[in-house]
Amino acid sequence: MAGSPQTVFTVQHAKLALEDILNAFTIPENELKLRSAREKAGNDMLKMMQIFFPVATQIQMDVIPKYGFSSDGDGIIRFTQMIKHYEKQDPDVAKMNAELRSIVMPQIAAPELRVVGAVL
């Protein structure tokens, strides 16, 4: 679709693709993979990027070929660029992309900062 000269990736395609990706995260097999990766990474941002992020990205890369993007790093980058473009134009795309980001880039609790012997 995106790579085809006959078909353009429209805002409607963006909505459908995001919906498919969000649904893919709810497939029991994928939920299990994500939960396992999240548990292995714990609250360590580096481990989250090494363990969890690749699993979440692969789930997306399994969906995006349906919309004309390659199922590799280049495809996911191009897809993300198109979504960024459309989220500025359409509140539904922005909302779904925010939901996707919350899954792909989960918040990590910052360690408590303790200052010992500091004079304020």
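Residues numbered from 1 in each chain as written. Predicted model: local features only at pLDDT ≥ 70, side-chain atom pairs only at ≥ 80, totals over all residues. Heavy atoms only, no water.

Looking now at the layout of surface pockets. The rolling of a water-molecule-sized probe over the atoms marks out the regions of remaining empty space. Roughly 270 Å³ of internal volume is contained in the largest pocket. Along the walls of the largest pocket sit 15 residues, with Gln-60, Thr-80, Asn-97, Leu-100 and Arg-101 positioned nearest its centre. Here the element with the most residues in the lining of the largest pocket is helix α4 (residues 73-87); it accounts for 6 residues. (1 Å grid on protein atoms, 1.4 Å probe; cavity = no way out; pocket = protein on both sides within 12 Å on 5 of 7 lines; lining within 4 Å. Points joined across faces, edges and corners; volume = space filled by probe spheres on them. Helix = DSSP H or I, 4+ residues; strand = E, 2+ residues; numbered from the N terminus.)

A separate point is the packing of aromatic side chains. Here the distance between the centres and the angle between the planes together describe a pair of aromatic rings. Tallying each qualifying case throughout the model produces 4 aromatic pairs. Taking the centre distance of 6.1 Å and the plane angle of 70 degrees together, the rings of Phe-9 and Phe-79 count as edge-to-face. On the criterion of sequence distance, the pair formed by Phe-9 in the segment before α1 (11-24) and Phe-79 in helix α4 is long-range, its members being 70 residues apart. Both residues of the pair, Phe-9 and Phe-79, belong to the buried class. For the ring pair Phe-69 and Phe-79, a centre distance of 5.4 Å and an interplane angle of 80 degrees mean the geometry is edge-to-face. Residue Phe-69 is located in the loop between α3 (45-63) and α4, and its partner Phe-79 is located in helix α4; the two are separated by 10 residues in the primary sequence. (Phe/Tyr/Trp six-rings, centres within 6.5 Å; stacked < 30°, edge-to-face > 60°. Buried < 20%, exposed > 50% of the residue type's maximum accessible area, 1.4 Å probe, protein only.)

Attention now goes to a nonpolar patch on the surface. Judged by side-chain polarity, Met-45, Met-49 and Met-105 come together as a nonpolar surface patch covering roughly 270 Å² of accessible area. Structurally, Met-105 is set in the segment after α5 (91-104). (Patch = residues over 30% accessible without salt bridge, like charges linked within 9 Å, V, L, I, M, F, W, Y side chains within 5 Å. Areas by Shrake-Rupley, 256 points an atom, 1.4 Å probe, with all protein chains shown as cover. Salt bridge = Lys/Arg side-chain N within 4 Å of Asp/Glu carboxyl O.)

Let us look at the environment of Asp-74. Turning to its location among the elements, Asp-74 is positioned in helix α4. A polar contact is formed between the side chain of Asp-74 and the side chain of Arg-78, at a distance of 2.9 Å. (Polar contact = N/O pair within 3.5 Å; in protein donor to acceptor, adjacent residues only side chain to side chain.)

Let us look at helix α2 (residues 28-41). In this model, α2 (14 residues) spans 20 Å end to end at C-alpha, consistent with the 20 Å of a helix rising 1.5 Å per residue. Where α2 is concerned, the buried positions are Asn-30, Leu-34, Ala-37 and Ala-41. All buried residues of α2 fall inside an arc of 65 degrees around its axis, so they share one side. More than 90 degrees from the buried face of α2, the exposed residues found are Pro-28, Glu-29, Leu-32, Glu-39 and Lys-40. In the segment just after α2, Gly-42 is the residue with positive phi, at about 60 degrees. (Expected span 1.5 Å × (residues − 1). Arc of directions from axis to C-beta.)

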